[in-house]
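Below, each chain spelled out in residue letters.
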Amino acid sequence: MTALQPNPTVDANVGTGVYVYGIVREDAHDVARDTLGIGGQALRLVSFEGVSAVISRVPPGDEPKASELVKTHARVLEELNAASTVIPVRVGQVMIDDEAVAHEVLRSNTGHLHDLLDALEGRDQFVVRAMYNEPEILAEIVQGNPEIARLRSRTRELPADVGQSDRFRLGELVAYELDMKRRTDGATVMEAAEPYVAAHVLRESTDMHRLLEVAFLVDGDCRHGFEDALEDVAEAMAERARLQLFGPMPPYDFVGD
Amino acid sequence: MTATSTHRRGGGYLERPAPSGLADVIEIILDKGIVIDAYIRVSLVGIELLTIDARIVIASVDTYLRFAEATNRLDLYEKSKDLPEVIQDMQQGGAEKKTSGAIKGVKKAIGSGDDDNEDGGSRPAKKSASRRRRQEA
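### Examining the packing of helix H4 (residues 134-144) of chain A against helix H6 (residues 164-193) of chain A
Residues and elements named next belong to chain A.
- Between H4 and H6, the shortest axis-to-axis distance is 10 Å and the interhelical angle comes to 110 degrees. What the angle tells us is that H4 and H6 run roughly perpendicular. Taken together, the residues of H6 that come into contact with H4 (itself represented by Ile137, Leu138, Glu140 and Ile141) are Val174, Glu177, Leu178 and Lys181.
- Across the contact of H4 with H6, the residue classes break down as five nonpolar, no polar and three charged.

Here it is as structure tokens:
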């Protein structure tokens, strides 16, 4: 596809703009051929010096539903990633027209985009989510800390509106102990994965029983070793926690902010 | 990229879910990916709202009280060697007891008002500005 070619249909739909999904190498131009974007719009490439943005028109009329947008965005990137190397663009980014994409997205960042594509070549992202089994982990905590056991015995006999300061202290202690366990168990997961991963990004969570969530960037060559190592950890932790592995997926967490 | 592999050593302890529901997908991709400079992009309103929805701050007081509640609901029958407590539980006839599932964190249906939230909105919304450790390849 020719770089900087203005899209002739834009003028007929003033203000709808073009939606940007991701960045691929220009020589990967086949990847988007059979994939449809938001509102069933065809995907196109806009290219500049070897890098291409995968875009589609924003469908005219009502703004797309956010839920549909998110799912379609993810699906398009999955397909691009399965076929080639892709730099995900954050969901919801719309530019005025093709020329704006070529100039502001590609031309201003050409070197950086090439470097990023090189670094991501042959690699996929995986997300590991580990969650504690609540009864088991709380039992461990109660049995491992006499003050928690004591506060628990005391407050559970009281009506719900009594003993708030003891309850607060109990919760604080449990939260602390849980955090200590997260550190130890999280390190176990990280150590198991470490030999097989090129990079990782910890994902923060406010979920109470989340042990760990982390994105890994894994070379194709290392994938089996990585999966086996995680299977071993999952087995070792089976009574206390569940391990989930998502992916392969586009390298969402490894393209910076 | 890597070809889809049939490699499974087995064991089956490691779960391999496919993120299918909207909440799953949001949790994976929201706030991820390169951003186009704000002054030249056109934003989609729906997405801005979605992002705000997903950023929920939990007050620590509420968090602690929920921890306490979860701990107090815990049934230590088979795990505890604290006999008096077990007897006491039995005397209460279990009326007060609730089993697991107490820890749910803050639940909020993520989505922009439509009913597209297949898995019932049971995913906790996530994250403030992330503390990220990144180890370059």
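Moving on from the coordinates now.
### Re the pattern of salt bridges
All names here are of chain A.
- Scanning the model with the defined rule gives 25 salt bridges over all chains in all.
- Arginine 44 is the partner of aspartate 98 in a salt bridge, and the nearest nitrogen-oxygen pair spans 2.6 Å. Here arginine 44 lies in strand S2 (residues 44-48) and aspartate 98 lies in helix H2 (residues 98-106), a separation of 54 residues in the sequence.
- Classification of aspartate 98 as buried rests on a relative accessible area of 4%.
- The shortest N-O distance in the salt bridge between arginine 182 and aspartate 179 comes to 3.4 Å.

### Considerations on the nonpolar core
All names here are of chain A.
- Counting residues in each nonpolar core, the largest one holds 56 residues, and the members touching the most others are Ile23, Ile87, Val101 and Leu106.
- Beyond its immediate stretch of four places on either side in the chain, leucine 106 contacts Ile23, Val46, Ser47, Phe48, Val51, Ser52, Ala53, Val101 and Leu113.
- Listed in part, the 40 residues of the second largest apolar core include Ile137, Ala139, Leu202 and Leu245.

Parameters and conventions
Residues numbered from 1 in each chain as written. Chains lettered and ligands numbered in written order. Predicted model: local features only at pLDDT ≥ 70, side-chain atom pairs only at ≥ 80, totals over all residues. Heavy atoms only, no water. Axes fitted to C-alpha atoms, helices over the stretch in contact; angles between N-to-C directions. Helix = DSSP H or I, 4+ residues; strand = E, 2+ residues; numbered from the N terminus. Parallel < 35°, antiparallel > 145°, perpendicular 65-115°, else oblique. Contact = heavy atoms within 4.5 Å. Nonpolar A, V, L, I, M, F, W, Y, C, P; charged D, E, K, R; others polar. Salt bridge = Lys/Arg side-chain N within 4 Å of Asp/Glu carboxyl O. Buried < 20%, exposed > 50% of the residue type's maximum accessible area, 1.4 Å probe, protein only. Core = buried A, V, L, I, M, F, W, Y, C linked by side-chain atoms within 4.5 Å.

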